[in-house]
Structure formats: C-alpha cells, structure tokens
Amino acid sequence: MGDHVREGRAGEIPVAETAERVLLAGGELLPPLVWGRQLDLQPASAIERTAPPGGLLSRLPGAITVVHGPFTARTLAAAVETELDRGVAYLLVPVFLAIGALAYFSLAEEPALLPIAAVALVVAALAFATRPRRWLHYGLAALALCLLGMVAAKLETARLGTKMLGAEISTQVQGRVVGIDRLDKGRVRLTIDVIATARPALRYAPDRVRLTARRAPAGLAAGSLVSGYARLMPPSGPIRPGSYDFSFESYFDGLGASGFFMKGPELVADAQPVPFALGIEAWLGNRRDRIAQRIRDRIGGVEGEIAAALMVGVRGGIPEEVNEALRRTGLYHIISISGLHMAMVAGTVMLGLRLGFAAFPAFASRHPVKKYAALAALVSTGGYLSISGAEVAAQRSFIMLAVMLTAVLFDRAALTMRNLAISAIIVILLSPHEVVGPSFQMSFAATAALVGAYGWWSDRQAERVQPAMQLSLAAKTWRRLWTLAVGLLATSLIAGLATSVFGAWHFQRISPLSLFANLAVMPIVSVLVMPFAVAAGVLMPLGLDGLFLDTMGRGLAMMIAMARWFSERSPVDAVGLISVRSVILVSVALCIVSMATTRLKLAALPFAASGLLLLGEARTPDILISEDGRLVGVPTAGGRLAVNRARPSEFVTDSWKRAVVAGELVGPLGTGGEAAPDAKAPPDRADASALEAAMSLQGVEKPGRRQAFVCGGGLCTIEHPSGAVIAYAGNAAMAKPACAVASLIVIDDATARDPCTGSATTVVTKRDLARFGSVAAFLPAQGEQASRRIEIQKAIAEPYRPWHAQRAFSREARGLPPFRRDRAKPPAE
C-alpha cells in the first residue's frame, strides 16, 4: 500500500499498511487508497464518493476516486487512473475489435489473409514486450485488437464463400426445403438447398436460394424435396450509394439467389436420407410452423400473425400497413425477437420460480434458489431461441443474456458493462459482419446506454442517506408504481436517444412519437402479452394454452389500435441523409458516457455536440438512378420526387423519398400533358419533334402544374430546378437528339455506347449500372454548369469484393443484349 496520503493543506498523514479503514483529520472513516500511489485530496466537500465495481474498494462505503474542481492536468490524470483501475481498458476490447471489422469491410479491395495475420502477431508480440511502458503497451494492444478484428472478418468471409448467381435466368430447380415462410394471400416463401438444375443446367448454381410461390403443395414441410420452374435473380446491390447492401447480406446469409416459381413447386419422391444437421433444422422448422398455425387458428386475424411473430419468429403474414404503423411509431422492435423478448422470457421464468420457491420457505432457506431460477431461465431462453428460428438478432440477444445469467450462477453481478463487453466480443469474433448492420449497432448502443445509466443511478442512490420511514401499504404501492413509471419513461428515453442516430443513418427516418407510443404500449406488452405468451408456450404441449392465447390476443389488439392511432398522428418521419462523420462522433460520445464512471463522462459532450452539428453535412443527390437502369428519380420543388415510370418499385421509391425528404411521388406525363403509362415497346429512335414537344411542355410553367418527367417518342426529359436537363432513353438512337440540351442522359441499354461524344453531356448506360450498381448524381451549383461536370457517385467499386464478384458475369456487365430463348418457355400459372 502507498506510504502516505497527502491532504491539500494539512501535510502528510501516515497510514497503516494493513488497515482496512483509515481515520483522517476531521474524524472521517475512509478506506485505504489505491495501492502504490498517492492521491491529492481536496476539502471534504469537494470529494466525489463512488463505489468502484469489484475488488476491496467496491465493498467499502465512501471510496475516494476522483477529485472535484476544475479540470487540470492533475485531476484529469487522477480520473484516467481511476478508470483504468476500474477496468475500462477491458471494456474497450470489443470497440477496437469492431473498428477492425469495420475497417476490413470498408477496404476498396479484398486483402490477403497472411499479411494481416502476420502484422497482427508482430504487433501483439510488441504489445506484450512493452508492458513496462504502459501507454505504449496500451496503444499497441489497441492496434493488435483492430488487426484481430480484421482477421476475424477475413476468416468469416473466406469460410462462407457463398456462390452467388451472376445474372437472371429461368431454370428447373430441384432442392430440399429448409425453411417455410407463410405470407399473406396464401403465398409462401421457401428457402431451398439446391440439388440440381435443368433447362438449362447451371454450371455455377447457387447452393441455397429463396423463392416465392403462389401456393404450397399439400404436405409441404421443412425437409421435403421439391421441384419447379423458377425465375432466379442475383442478389441486388444498394438501392442508392451508401445505403444498405443487400448483396452483402445475402452473401453472409448463404443465399446465392432469390426469385419466384413460374410453375410449381411440386413434391418429389425422396429416396435419399436427409442429412443429420438438415434433419434437425427441418424438425425445428416443422415444429415452429405447427405452433404458428395453432396460434393463428386460436387468435386469428392480425393479432394471430403478430402473436406467431412474438412466439416463434414467423412474421411473413403481418400486413404491410401494420408493419408500417409499427415502424412509424417506433414499436417494430416488439415483433422482432431480440433482447426485449429474451429478457421477458427469462424474467417471467425467474419470477415464477422465485415465487414458487417462496411458497416453501424451508427449502428456499437451505438451497440457492436464485441460481436454480437462473439456470431454468437460461434453458428456457435457449429453447426459445431454437424454436423462434435463431435469427441473428435473437442469437446476439441470447449470448448477452446467457453471459448475464451465467454471472448469477457464479455469484457475480448480472447487469454490468463487463458482461456486455463479453457478449460483444463473442458476437464480433463469431460473426464480424454483424458489426456493419443496424441490428448490432442499435441493440448494443441501447443496451450500453441503459447499463451505463443504471450504474450511474445505482451509485447516486447508494450515496443518498435514506431515513427510516414506516409507510402504509397504499404509500408503498404508490411509490412502487411511480418508480415503475419513471423507470419505463427513462428506459424509453435513453434507448431512443442512443439509437436515434443509427436509425436515421441506416433508414433516413425517425419516430417522432416513439417515446409516447412506447410509454403507452410497453405496459400492455409487459403485463398482458409476454407473460401470457410464456405461459402459453409452457402449457401448449398439455393443450392448456387457450385461455392464455386469448388474453395475449386481447393485449395485441390494444397494441395494434394504439400503434395505428399514433401512426395517424405522427408527422413526416423522413430526415434525409446523415453524415458518416456525425455517426462516428456520436458513437464515440456514447462509448465515453456509457463506460466512464468518473467526471470523464463530461468528455462526451464535445463529441456529441460536434456530431449533432454535422448531422446535415451529407449532400442530397440531385439525381438517383436504380441499378437496373429502369428508374430515374429527380427531387423537385415542393418536396416532390419525380420519376420516369408510372408504376415504379414502391420499395425503391420509398427509400429514395426518405433520402431526399420528399413527401410526394410524381409520375411521368405524356407529350399532351396526360399521365404517361410505362411503354412496353418503345420505338427504336426518338425524332426531333418528340424531343421538342417534350421540352416545350416541360418549359411551360402553368399555375398549379407539377414538375415531372415528360415522355414521348421513346424519350423522357425533366428540367431540374437548377436549370439542368435530365433525359432517359431506351437506346443510343433515342438519346442522340438530347445530347445538345441534356446535362445527363440515362440509357437503358447495355449495348449502347456514348452517343454524345465530344459534348459536355454525362452519359450513364445500363452496362455502367450493371458493373457499378446504383448511381447518385450531383449537379454543379448554379452558374458553374459550364465549368464543371456532373459528379457521379457509384454504389460499388472495382475490383470487386467477394459479395460483389458475381456482378462481372451478368450479360449487361459484359455489354450483351438480354438473353432470348428460341423455344417457348413452360407455361406460367
């Protein structure tokens, strides 16, 4: 122990080395200070008292950790030492692992494994050798962890090696069903392990595909062998540059293609034994489908679909308008099995068993009933994970909960940042690609913020001197209800603030009424829905689940009604594009405020303030082009988005509208001013008269007329508010007349070459889009059109990463026309 404690102006006071408590000037009993160090103290009124987690000091009240007063080099150093003594370095381990994984996935080209691994080993050895030089040791250790995250991400990418389809094709598919999703209107979505293809036989067939069918054949179950004629499509890339990459998701989900059955599917006689692993997966899938159908039959309607989603993770049958209402109100997390559901299942099981044990006081006093309840909760959540489909978010939540329940079994605190760090380390090392997704970021951000806030509140409560008071039963009940209400409010507020930036960045939307909707709905979910769902699941094998499912259905009906009510009154939730730098700064602020236990929390303020100031730094695109070359969107005056097709993809346009904060979609007009339908067979050439008619109509500004694409003679044009003209043509011949006036021309033809050679017009062809994905174009500022070209931002770059390598093999990327089959295709249903 240190030899002395130095008190500001009172000199040095010797301390007994073995004393458990020390009597200092002023008659205060204080614990011994940090071993081997001295700490400058201020007067007693300026001393911050907290209880560091773990160790001797955590068991002694009034441990001195940080000196109050202005931030100086001395007080800052003392605060840093305190944080290190409390183990903040360990909490940073998953942070640096995540940084390494993010760095790997952000690289412009695929790196080799051996150089990264070799550098990681060298840096780790240097970190071990420099332990006496602490700060150098910490820096090298952080770098080694980043490199380890890169190695883990590279190993996962190499291990999966998903075979991805390169181009659209129709073929006969035979395979084994491994998953069934029941959709609305009787449709089904099948996940199939491909065994063979025919007419034509694919030389590079994907191993697993996901196909939609209008109906399911009688007797279809997971593990069945099916065959049908299907249209296969390669995984799509980002809807716009910087948005979520669906090809990336498909690669790490093992899905090489998606599509739909044009004929079939039909069951095929199967003489081959089902592989053991697939048999287990099929058995669980069939049990899940039977439970979901039992729930639907008992509850019925939308409530039955949501109940099936809550209990077994089957969400396909929920109507889209209900899904949208839940998203707009910030309640969608309720139907996505994650930490909330795992915690409620574990909490219900533990509470029920603890109450049951309390009925036998003699047994409870002689046995560790809390550990028994924790073990039962661990087994129950494991079973819930299996029967719910074991989605990635549910796996991550189970790992977090398993770590906490295991801590209870070993007499450790369950809800700590250390346990959260262990969970994050496990998830990152097992599935590094999850770091990129919104689910990982939002769930760990919310959990870290809640654990940090809970720790801060617990410390504040421990410091308060609670007078002994005898309260009546009514007063106790009111106090507990008030505490519950405040806790629910704080939980919703903290979790909402912690995840809002990530939600806005990934989805360009926020839920303005999320706090109020959660406050209204969560008591219903916590009292009438989840406990009865757990009870129904336990009693279902005995056939005694009916009453519990009925109660759950009434609770869900109330939840749906509230979600619709809040959704109807929710303002526009689109927020536009969010700067990446702002997300990074807010993430740093969140890490600091969640992990720090001293006044170093204040260091989060400048990061948070800078992040909020930079939220609107991202530029809004002036033109958006889909990766298939069929859809062009242009933001216009009045918060509208003009598109060149009368029936565009709703999924794409919704994403574009949120990105550019447009509230209305404007379709194309014909040369006579009428709505223009999508042309099925455009002419081969656009003549000058068609161009003149389109341009003259576009230039007329009549009162109340909406700015829109004007289409005629195979050419669509629009004038941007800046004065630039954007044109869309089916081939180079159609585009040629527009070269003299258009700033940007999109040609929906992979064989086309630039028809505007020698002019300042920027041309984007279908081949460019097939190679580089969707495009966001930025026009020069007004007055600079003549001196600057249009800036083109592409979603995908070459050389391709493994999840994009299939793009090089499509006919469009090779500049070939669409494939035409000579003989007739099998008839479609």
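Everything in this summary refers to the structure shown in the same document.

Another aspect to go through is the state of the cysteines. Counted according to the given criterion, the structure contains two disulfides. Two residues share a disulfide in this structure: cysteine 711 and cysteine 716, whose sulfurs sit 2.0 Å from each other. As the torsion about the S-S bond is roughly 110 degrees, the cysteine 711-cysteine 716 disulfide counts as right-handed. You can call cysteine 711 buried: its relative accessible area is 13%. Residue cysteine 716 is classed as buried on the basis of its relative accessible area of 8%. In this model, cysteine 739 is linked to cysteine 756 through a disulfide, with the two sulfur atoms separated by 1.8 Å. Across the S-S bond linking cysteine 739 and cysteine 756, the dihedral sits near -70 degrees, which makes this disulfide left-handed. Placement of cysteine 739 in the loop between α23 (732–735) and β20 (744–747) and of cysteine 756 in the loop between β20 and β21 (762–765) is noted, with a sequence separation of 17 residues between them. With relative accessibility at 12%, the residue cysteine 739 sits in the buried group. When the bonded cysteines of the protein are counted from the start of the sequence, the pairing works out to 1-2, 3-4.

Spatial strand order, β7-β8-β9-β11-β10: five strands in a closed barrel with mixed pairing. Along the sheet, successive strands turn relative to each other by an average axial angle of 50 degrees, direction set aside. Across seven bridges, the pairing between strand β10 (residues 225–233) and strand β11 (residues 257–267) is antiparallel. The residue of β11 that forms the bridge with serine 227 is glutamate 266. Across the sheet, helix α7 (residues 276–299) lies against β7 (169–182), β8 (188–198) and β9 (208–213), angled at about 65 degrees from β7, the strand it touches most.

This part is about the sheet that holds strand β15 (residues 664–666). What links the strands of a sheet is backbone hydrogen bonding, and the strands pair in either a parallel or an antiparallel sense. Here we have six strands laid out as an open sheet, ordered β15-β14-β13-β12-β22-β23, and mixed in their pairing. The outermost strands of the open sheet, each flanked by one partner alone, are β15 and β23 (791–794). Neighbour-to-neighbour, the strand axes of this sheet turn through a mean angle of 25 degrees, independent of strand direction. Here strand β14 (residues 640–643) runs beside β15; their pairing, made up of three bridges, is parallel. For arginine 640, the partnering residue across the bridge sits in β15 and is glutamate 664. On top of the sheet, helix α21 (residues 650–660) reaches β12 (623–625), β13 (632–636), β14 and β15; it is set at about 140 degrees to β14, its chief contact.

Another aspect to go through is the packing of aromatic side chains. Applying the stated criterion across every chain, the model contains 18 aromatic pairs. With centroids separated by 5.9 Å and ring planes inclined at 55 degrees, the aromatic side chains of phenylalanine 105 and tryptophan 803 adopt a geometry described as tilted. Of the two residues, phenylalanine 105 sits in helix α3 (residues 93–106) while tryptophan 803 sits in the segment after β23, which places them 698 residues apart along the sequence. Like tryptophan 803, phenylalanine 105 is buried. Where phenylalanine 440 meets phenylalanine 444, the ring centres are 4.7 Å apart and the plane angle is 45 degrees; that geometry is what we call tilted. On the criterion of helical spacing, the pair formed by phenylalanine 440 and phenylalanine 444 is a turn pair, its members being four residues apart in helix α15 (residues 438–463). For the pair phenylalanine 440 and phenylalanine 444, a shared accessibility class is recorded, and that class is buried. Grouped by ring-pair contacts, the aromatic residues Tyr104, Phe105, Phe248, Tyr251, Phe252 and Trp803 constitute a single cluster. Here the guanidinium or amino end of lysine 163 rests over the ring plane of tyrosine 204, the centre of that ring lying 5.2 Å away. In this arrangement the basic side chain of arginine 327 is found over the ring face of tyrosine 332, its NZ or CZ atom lying 5.1 Å from the centre.

Calculation notes
Residues numbered from 1 in each chain as written. Predicted model: local features only at pLDDT ≥ 70, side-chain atom pairs only at ≥ 80, totals over all residues. Heavy atoms only, no water. Disulfide = S-S within 2.5 Å. Buried < 20%, exposed > 50% of the residue type's maximum accessible area, 1.4 Å probe, protein only. Helix = DSSP H or I, 4+ residues; strand = E, 2+ residues; numbered from the N terminus. Pairing = 2+ DSSP bridges. Axes fitted to C-alpha atoms, helices over the stretch in contact; angles between N-to-C directions. Contact = heavy atoms within 4.5 Å. Phe/Tyr/Trp six-rings, centres within 6.5 Å; stacked < 30°, edge-to-face > 60°. Lys NZ or Arg CZ within 6 Å of the ring centre and 35° of its normal.

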